[in-house]
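Geometric and topological summary
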Amino acid sequence: MVEQQHEPTRQRPPSEPAVRPAPHDDAGTAGLAATVDRLSTEIHALWEDREARVLVELAEGVLVERLNCAPAEAAQQLRTLASDARMPLPELAADIINQAASDATASAVAEARAAQTATSGTGRTAEGAAGGTAGEAAGPRREGPALRLRTAEAAAILAGDDAQALARGLLDRALSPLGATAAAVWSAAPDGSLTLAGEAGFGPAEAARWRYVPPGLGTPAQQAIAEDRTLWIDESGDPPPPTIGGGSGGGTRAVVPARVGGQRVGVLEVHWPGPHPALALQRQLDALAQLCALSLSDHGVESDSPPGGAAAWLVGLLDGLLDSAALLRPLRDRDGRITDFMIEHTNTRFTDPAGRPRGSLTGLPLLEAYPLFAAEGGLFERIKRVHSTGAPYRSRSTVLRFSGSAAPPAVVTAVGLARFGDVVLLSWRLPESDARLADLLGHAQRLSRIGAFEENLTTGEISWTEQLSTLYGLEPGAAPVPLHQLSGHAHPDDTGAVRRFLRSVLHQRKESAITFRLRRADGVVRHLRVVAEPLCDASGLLVAVRGAYQDISAHRWTEVALAATRDRLAGAEQQSAERHRLTRQLQRAIMPPTEHPVYRAGLRVAVRYRPAEEDQRVGGDWYDAVELPDGRVLLTVGDIAGHGIAAATGMVVLRNALRGLAVTGAGPGRLLSWLNTVACCLPEQVTATVVCGLFDPAARTLRWANAGHVPPILVSRGKAEALTPPNGVLLGAVDVASYEETQHELRRHDILLVYTDGLIERRDSGIDQALEQLLAAAGRPVDDLEDYLDDLLSCDIADTDDDTCLIAVQPT
């Protein structure tokens, strides 16, 4: 026997042309038929566009991950690749997804392409052989296997929980091009029964006949699940086994088990009107069956047992429960979707919060009896999820609202749900006031790690909470520790304080508290705080002591760690302050501040050095102006990378080395080459930028070289311009380096500005923009060289609080 139901309504348009009305002479009827045909074509095109869009978006996601780029860049890259390859965008997207994935679809595509390559010489591919004459008559699309299978996967994604749309999508996108004319998706239950989750091509009548297949009928789908293998059935010979569309008269059928996580959850059944298709299709069919399995496992297409009343054993189980329990059977619409559950049975212990007798609820829809269960995220959604997945649900704190007043209060209830066949068992336990308060107190003690006790000194009876036994590390049911034995469980260093605490409580009868270390039997030491109060009778006799323990170990350990961290930080701060003080003294000793111009062999030299405001930012900027034995003047400005004492000592080495090398009479390019060798030979790797110039007073020329430094500025006749630096890498970058030289003539009243990047460095803009601001400020008229440098420093072009060195040179 099979269950008679209507076919679910399709959510996606079929690929075949719309059925046209019979021709009439009436022009209006003909126009209506044309409109229906056009709309059907447009809707079908929209669905194809949605499927292609899914593929394109998946491919864009792959490119975002592989290229580490933005989504917009990935989309542009995908369009560019499609244009360069002269491929349709969806086809390229399918190839990209296939290369990135390692799933069954990718394996199927690889095998199909291998088969095409192997048969390319015959002019007939394996898939072409699979289609046969029926496929040619239907005009199959000549898409590659990657595009066909990935498009089918996109159709499955769009179908969501609609298994009917899934079956139609698989037939239209993947199976029709192979010559297939019908497909069915079966959902398998543990008892061996099958439910027709979706079909395409078999027709509504066949779908209604085969809506439900009971266990043991021996259909091909049941046989494929039992044997866990794909069946190929030739229907042209002996009478075929009973199955959907089995009386069509000939053809071939493939029945493929659908597995997920090693579990067989359903079957994909495909029908061809022609002969046995090529065996090369096996991998493709496996991939399509996996799509079905994922859809069935995600959305739990019903049901585990045929319709009917609950089994007697299940009713008996319900009546034996001590909590309120009910059996709920799903109510479905014409499309097979669950719209409600019927309360099929309630047990003898069932309690309705609204006070209704349980007999009045039996047979009612659940949402009619308890409409507030339908709230978003409410119990009704939980019940549907348990029915679809089969996974039980238990919660000790589910918030429920029961109708019966204008503003029904929320009730925190213990709820259990479990699926048995096609029904769901619902049980709940409504909290009583005392039980609810006790449960709340237990949660509070657990969260705050508090355990309470009461000791009757007259009878010797001791009451402990479960949490206090846990704090002591005792097994459940172990005897509590009497209060007078507390000192025996304390750390030896704390026994004196514990004895004073006990004397205060037991003898002086005062409420008292103490913090001590508890040594547990398992060797663990915990920091506990205990508060106790004595209880006396009317005559003043001490009869009991009650109180509470709290585990403060985490707090105590945090205090110890913070104290140690504070000590380390204080020592580190003191060491850091001393290092920075020495660094500042070293820097000032080498480069004392210059308040007045210095005259050297026909030059007036003014210098401003502004150290960093923060001590930890002390850097390695330096300047020098030295008259050499041959009458020339050495002008240098440099900047060591980094800050602190290492940068300051590196600056000392390079500055003194350059002074010594300059007396050789070599040019600035050769001097920087030698200085680069010095930087590379230092024990600590040093990198620096330097401008090195030699001024000839007789010719009024400056010959200079540059090692990666910011360009000098020449101010001539009221116009400031940055000099183009000759080629040269920063010092210490490579072992051997050469530096070009260039020469400029300095006229009288010209000003040459050489500076470090601390003058123009900004966080929010590039160096070029800051340099433009400096050029604008440097081009202003100059009355006094000292005031001129002060004005430049006050422009506040930089915002990085770095050392700044600025030197101005003017021929006299």
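This one's a predicted model, so the numbers in the text were calculated from it and none came from an experiment.

Now for the sheet that holds strand S5 (residues 252-260). Overall, antiparallel pairing links the six strands, which are arranged S3-S2-S1-S6-S5-S4 in an open sheet. In this open sheet, the two strands that pair with only one neighbour each are strand S3 (212-213) and strand S4 (231-234). Running at roughly 50° to strand S2 (residues 194-200), helix H7 (residues 163-175) makes contact with strand S1 (182-188), S2 and strand S6 (263-272) of the sheet. Across the sheet, helix H9 (residues 220-227) touches S1, S2, S3, S4, S5 and S6, and the angle it forms with S6 is around 135°.

What follows deals with a nonpolar patch on the surface. On the surface, Val729, Leu730 and Val734 cluster together into a nonpolar patch covering about 200 Å² of accessible area. Note on placement: valine 729 falls in the loop between strand S24 (719-722) and strand S25 (741-745).

Taken N-terminus to C-terminus, the directions of helix H18 (residues 645-662) and helix H19 (residues 668-681) make an angle of 140°; their axes are 10 Å apart at the nearest point. In terms of orientation, H18 lies oblique with respect to H19. The two elements H18 and H19 cross, and the hand of that crossing is right-handed. Mapping the contact onto sequence places Val653, Leu654, Ala657, Leu658, Leu661 and Ala662 in H18 and Leu671, Trp674, Leu675, Val678 and Ala679 in H19.

Backbone-to-backbone hydrogen bonds pair the strands of a sheet. The strands run either parallel or antiparallel. The sheet built from five strands is open, its strands ordered S13-S12-S16-S15-S14 with antiparallel pairing. Among the strands making up the open sheet, the edge pair consists of strand S13 (462-464) and strand S14 (512-519). When the angles between neighbouring strand axes are averaged without regard to direction, this sheet yields 20°. Of the strands in this sheet, S14, strand S15 (525-536) and strand S16 (542-551) touch helix H16 (residues 495-507), which is tilted by about 140° from S14.

Enumeration over the complete set of coordinates arrives at 23 salt bridges. The salt bridge partner of arginine 517 is aspartate 494, with a shortest N-O separation of 2.9 Å. Residue arginine 517 is found in strand S14, and its partner aspartate 494 is found in the loop between helix H15 (466-472) and H16; the two are separated by 23 residues along the sequence. A salt bridge links aspartate 624 to arginine 655, with the nearest nitrogen and oxygen atoms 3.8 Å apart. You can see aspartate 624 sitting in strand S19 (residues 619-627) and its partner arginine 655 sitting in helix H18, a full 31 residues away along the chain.

What follows deals with the environment of leucine 753. Examined against the element boundaries, leucine 753 turns out to sit in strand S26 (residues 751-755). Residues leucine 753 and isoleucine 807, 54 residues apart in the sequence, show an inter-C-alpha distance of 5.8 Å.

Moving on to H19. Between its terminal C-alpha atoms H19 stretches 20 Å, which fits the 20 Å expected from 14 residues at 1.5 Å a residue. Turning to H19, its buried residues are Pro668, Gly669, Leu671, Leu672, Ser673, Leu675, Asn676 and Ala679.

Now for the packing of aromatic side chains. Two numbers describe a pair of aromatic rings. These are the distance of the centres and the angle of the planes. Evaluated as defined, the whole model comprises nine aromatic pairs. Relative to phenylalanine 373, the ring of tyrosine 370 lies with its centre 5.0 Å away and its plane at 15°, an arrangement referred to as stacked. Exposure class is identical for tyrosine 370 and phenylalanine 373. Each is buried. Measuring from ring centre to ring centre gives 5.6 Å for tyrosine 472 and tyrosine 549, while their planes differ by 80°; the resulting arrangement is edge-to-face. Here tyrosine 472 is found in helix H15, whereas its partner tyrosine 549 is found in strand S16, with 77 residues between them in sequence. Note on tyrosine 472: relative accessible area 4%, which makes it buried. Each member of the aromatic cluster is reached from another via a ring pair, and the members are Phe350, Tyr370, Phe373 and Trp428. Over the ring of tyrosine 370 we find arginine 356; its NZ or CZ atom is 5.3 Å from the centre of that ring.

Cut-offs and rules
Residues numbered from 1 in each chain as written. Predicted model: local features only at pLDDT ≥ 70, side-chain atom pairs only at ≥ 80, totals over all residues. Heavy atoms only, no water. Pairing = 2+ DSSP bridges. Helix = DSSP H or I, 4+ residues; strand = E, 2+ residues; numbered from the N terminus. Contact = heavy atoms within 4.5 Å. Axes fitted to C-alpha atoms, helices over the stretch in contact; angles between N-to-C directions. Patch = residues over 30% accessible without salt bridge, like charges linked within 9 Å, V, L, I, M, F, W, Y side chains within 5 Å. Areas by Shrake-Rupley, 256 points an atom, 1.4 Å probe, with all protein chains shown as cover. Salt bridge = Lys/Arg side-chain N within 4 Å of Asp/Glu carboxyl O. Parallel < 35°, antiparallel > 145°, perpendicular 65-115°, else oblique. Left-handed = near helix turned anticlockwise from the far one by under 90°. Expected span 1.5 Å × (residues − 1). Buried < 20%, exposed > 50% of the residue type's maximum accessible area, 1.4 Å probe, protein only. Phe/Tyr/Trp six-rings, centres within 6.5 Å; stacked < 30°, edge-to-face > 60°. Lys NZ or Arg CZ within 6 Å of the ring centre and 35° of its normal.

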